[in-house]
Amino acid sequence: MLQIPTWSKVLTILILVAGVLIALPNALPGWVISRMPPVLPTGTVALGLDLQGGSYLLLEVEFDQVQKDRLESMMGDIRVGFRKAHIGYTNLEASTDSVSFRLLDASRADDARNILNKLNPVVGGSVLAVGARDYQLVEPGHNQFVMHMTDNFKTRTQDQILEESIEVVRRRIDQLGTREPTIERQGEDRILVQVPGLSDPQRLIKLLGTTAKMTFQMVDDTADSSQAERGIVPIGDVVLKFAPNKDKVALPPPLVVERRVLVGGDRLTDAAQSFDQQSQDPDVVLKFDTVGAREFGDATKENVGKRFAIVLDNQIIEAATIREPILGGSANITGGFSVQSATDLAVLLRAGALPAPLKVIEQRTVGAELGADQVSAGKYSTLAGLVLVALFMVARYGLFGLFADIALTFNVILLLAALTAFGATLTLPGIAGIVLTMGMAVDANVLIYERIREEHRNGRSIIASIDQGFRRAMATIVDANMTHLIASLILFQLGSGPVRGFAVTLGLGIITSFFTAVMVTRLFVVTWFRSVRPKQLAL
């Protein structure tokens, strides 16, 4: 009776000590944490947007541009396929969601259909899509062919683009070094972004609003610049302007650039801000994968003495002359960068290009002063709840109430340690979850103590009453905590943002409350009983 195995005592003490060490940095100033030995934990709980301020953005994915690009790609494939098959056509054009053309020779209709079917294969990726195609081929007559995008293709494309956009946004924000950003899908075409602690929201907007599609293209120096100014350029060329840069006094005039891409940005494996070895000005160092290094090396080998342009989102970042073949698989981008602008460009390139442009629908900036007020209010409410619960337990159960209060204190410490260890973000609803947890934490103690009283009133001895009180209350405690835990899991699964923050703290609080009520309180009571050997029940 009232036996606690040695391994259980040791494990309980180790958990309490570890919890204190992990939670301790949250109560220490920064200069103390910086001087702590490396063997000790120094992490703290990350505060959410509503507690420390930051940036809130609601972004909309512009699918129209994606749809336009897909249609242009299909038109290009049709041109190449028909050219190889020597099939004549005319009036090849794209509308909102379709591509149409007219065949010159009606006898080649079957050949044209075969090519179009190869470009538009049957989708077999899922059971629901078996037998479906991305485009529906319609022949209204007079040798006219129309390929309409199917609704299934549009929906699948939107879902894919939205998920890819969320991943790119996440990678870009992670490169900034911010802690615990919130990036979530909102509806069918929007992304919610919350970045706590970011003091420059305009930098975030610029970072996320840039598609970051980089290409390397040759400059056509043979083009007539005067005609280019009037929009007359050779076939296969395009006029591109230089990207605005606040560090440049004046931008060079636009250049005529070949549409053909030498190397695409998807061949980049790394990009980092560095400094030019000669001028010591900030620049960006690029590294290509194996295929990209070979393509870039071949392109520079064949065009020594000519200029090539580095194009980002249809704007020229730099136009340089190829002095010698660049065969090392890396290149430097220079041209009037500041350290921050070079760093931001490196971040964009490392994170990859957005599959579609993003438009800012809503922007809010939460001030740090508001966050400080809320943190202070949360601290006072937590402390007030702790004091009131502690006073009630002592008044109701005396010494056993004091044991419950000590266990409650450890419960708060363990909960804070768990939030710190898991890297959870503490928000204002999370603080509400902590306060609620403290109120629920003593439920198990109340059940145990009332059960002990009942057993003692029924004539059992002190030691038997304590033993049976803990044993018989266990089933009720487990049932109550399991129902609360299931509720918190449902909130976490179905909720988002603040609701999830509340669910996390509530769920962790339930686990720590069960541990402290069953293990810690029992350890205190058994240790006290074996040390004092009381004649009467102090309850």
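Residues numbered from 1 in each chain as written. Predicted model: local features only at pLDDT ≥ 70, side-chain atom pairs only at ≥ 80, totals over all residues. Heavy atoms only, no water.

**Looking at the overall build of the chain**
Logical step 1: Each helix and strand in the chain was counted, giving 16 helices and 20 strands.
Logical step 2: Its C-alpha atoms give the chain a radius of gyration of 34 Å, clearly above 24 Å, the size a compact globule of 539 residues would have.
Logical step 3: Across its three principal axes, the chain shows a C-alpha extent of roughly 105 × 65 × 40 Å.
Logical step 4: For the chain, the proportion of its 539 residues judged to be buried stands at 41%.
Logical step 5: Considering only residue pairs separated by 6 or more positions, the chain has 69% of its internal contacts joining residues 24 or more positions apart. (Helix = DSSP H or I, 4+ residues; strand = E, 2+ residues; numbered from the N terminus. Rg over C-alpha atoms; globule rule 2.2 N^0.38 Å. Buried < 20%, exposed > 50% of the residue type's maximum accessible area, 1.4 Å probe, protein only. Contact = heavy atoms within 4.5 Å.)

**Concerning the sheet that holds strand β14 (residues 268-275)**
Logical step 1: The 3 strands are arranged β14-β15-β18 in an open sheet whose pairing can be described as antiparallel. The outermost strands of the open sheet, each flanked by one partner alone, are β14 and β18 (330-333). Direction aside, the axes of adjacent strands within the sheet are offset by 25° on average.
Logical step 2: Examined bridge by bridge, β14 and strand β15 (residues 282-288) share 7 bridges and lie antiparallel to one another. The partner of Ser274 across the bridge, within β15, is Asp283. (Pairing = 2+ DSSP bridges. Axes fitted to C-alpha atoms, helices over the stretch in contact; angles between N-to-C directions.)

**Here's the deal with the sheet that holds strand β11 (residues 214-219)**
Logical step 1: Sheet architecture is open: 5 strands sit in the order β12-β13-β11-β16-β17, paired in antiparallel fashion. Both outer strands of the open sheet, β12 (237-240) and β17 (315-321), are each paired with one neighbouring strand and no more. Ignoring which end each strand starts from, the neighbouring axes of this sheet average 45° apart.
Logical step 2: Relative to strand β13 (residues 255-264), β11 is paired through 4 bridges, and the arrangement is antiparallel. Paired with Thr215 across the two strands is Gly264, which belongs to β13.
Logical step 3: The sheet contacts of helix α9 (residues 290-302) involve β11, β13 and β16 (307-312), and relative to β13 the element is tilted by about 140°.

**Some points on the environment of Thr90**
Logical step 1: By the secondary structure assignment, Thr90 is in strand β3 (residues 89-94).
Logical step 2: As a C-alpha pair, Thr90 and Phe101 span 11 residues in sequence and 5.9 Å in three-dimensional space.
Logical step 3: Those residues in contact with Thr90 that sit more than four places away from it in its chain are Phe101, Arg102 and Leu104.

**Examining a nonpolar patch on the surface**
Logical step 1: There is a patch of nonpolar side chains on the surface, built from Ile13, Val17, Leu21, Val39 and Leu40 and spanning about 430 Å² of accessible area.
Logical step 2: Here Val17 is to be found in helix α1 (residues 6-23).
Logical step 3: On the accessibility criterion, Val17 (44% relative accessible area) is partly exposed. (Patch = residues over 30% accessible without salt bridge, like charges linked within 9 Å, V, L, I, M, F, W, Y side chains within 5 Å. Areas by Shrake-Rupley, 256 points an atom, 1.4 Å probe, with all protein chains shown as cover. Salt bridge = Lys/Arg side-chain N within 4 Å of Asp/Glu carboxyl O.)

**Quick look at the packing of aromatic side chains**
Logical step 1: Applying the stated criterion across every chain, the model contains 15 aromatic pairs.
Logical step 2: Considering the side-chain rings of Phe82 and Tyr89, the 5.6 Å spacing of their centres and the 65° angle between planes classify their relative orientation as edge-to-face.
Logical step 3: The interplanar angle of 65° and the centroid separation of 5.6 Å between the aromatic rings of Phe216 and Phe288 together place this pair among those described as edge-to-face. Here the residue Phe216 occupies a position in strand β11, and Phe288 occupies one in strand β15, the gap between them amounting to 72 residues.
Logical step 4: A relative accessible area of 1% means that Phe216 is categorised as buried.
Logical step 5: The exposure class assigned to Phe288 is buried, which follows from its relative accessible area of 7%. (Phe/Tyr/Trp six-rings, centres within 6.5 Å; stacked < 30°, edge-to-face > 60°.)

**With respect to the confidence of the model for the chain**
Logical step 1: For the chain, per-residue confidence averages 81 on the pLDDT scale, and residues scoring 70 or more make up 90% of the total.
Logical step 2: Overall, residues 124-130 carries pLDDT values under 50, and its contacts beyond four positions in sequence, including any with other chains, amount to 3 contacts. (pLDDT = per-residue confidence, 0-100.)

**Overview of the nonpolar core**
Logical step 1: Residues Met393, Phe400, Ile448, Tyr449, Ile452 and Ile466 are the most contacted members of the largest nonpolar core, which totals 25 residues.
Logical step 2: Elements with a minimum of two residues in this core: α11 (368-397), α12 (399-421), α13 (428-441), α14 (443-457), α15 (462-494) and α16 (498-532).
Logical step 3: When neighbours within four sequence positions are excluded, Met393 is seen to be in contact with Gly398, Gly401, Ala404, Asp405, Val442, Asn445, Val446 and Tyr449.
Logical step 4: Listed in part, the 23 residues of the second largest apolar core include Leu262, Leu268, Ala331 and Ala342. (Core = buried A, V, L, I, M, F, W, Y, C linked by side-chain atoms within 4.5 Å.)

**Quick look at the environment of Pro196**
Logical step 1: Checked against the element boundaries, Pro196 lands in strand β10 (residues 190-196).
Logical step 2: When its relative accessible area of 6% is taken as the criterion, Pro196 is described as buried.
Logical step 3: Each C-alpha atom of the pair Pro196 and Gln52 lies 6.5 Å from the other, and the pair is 144 residues apart in sequence.

**Things to note about the packing of α1 against α16**
Logical step 1: Put simply, α1 and α16 touch, their axes get as near as 11 Å, and they point 115° apart. Viewed along their axes, α1 and α16 form a crossing whose handedness is left-handed. Only Phe515, Met519, Val520 and Leu523 of α16 make contact with α1, whose side of the interface consists of Ser8, Lys9, Thr12, Ile13, Ile15 and Leu16.
Logical step 2: For the contact of α1 with α16, the class distribution of residues is 7 nonpolar, 2 polar and 1 charged. (Left-handed = near helix turned anticlockwise from the far one by under 90°. Nonpolar A, V, L, I, M, F, W, Y, C, P; charged D, E, K, R; others polar.)

**Details of the side chain of Thr157**
Logical step 1: As for its placement among the helices and strands, Thr157 is situated in helix α6 (residues 151-175).
Logical step 2: For Thr157, the contacting residues outside a window of four places in its chain are Val66 and Arg70.

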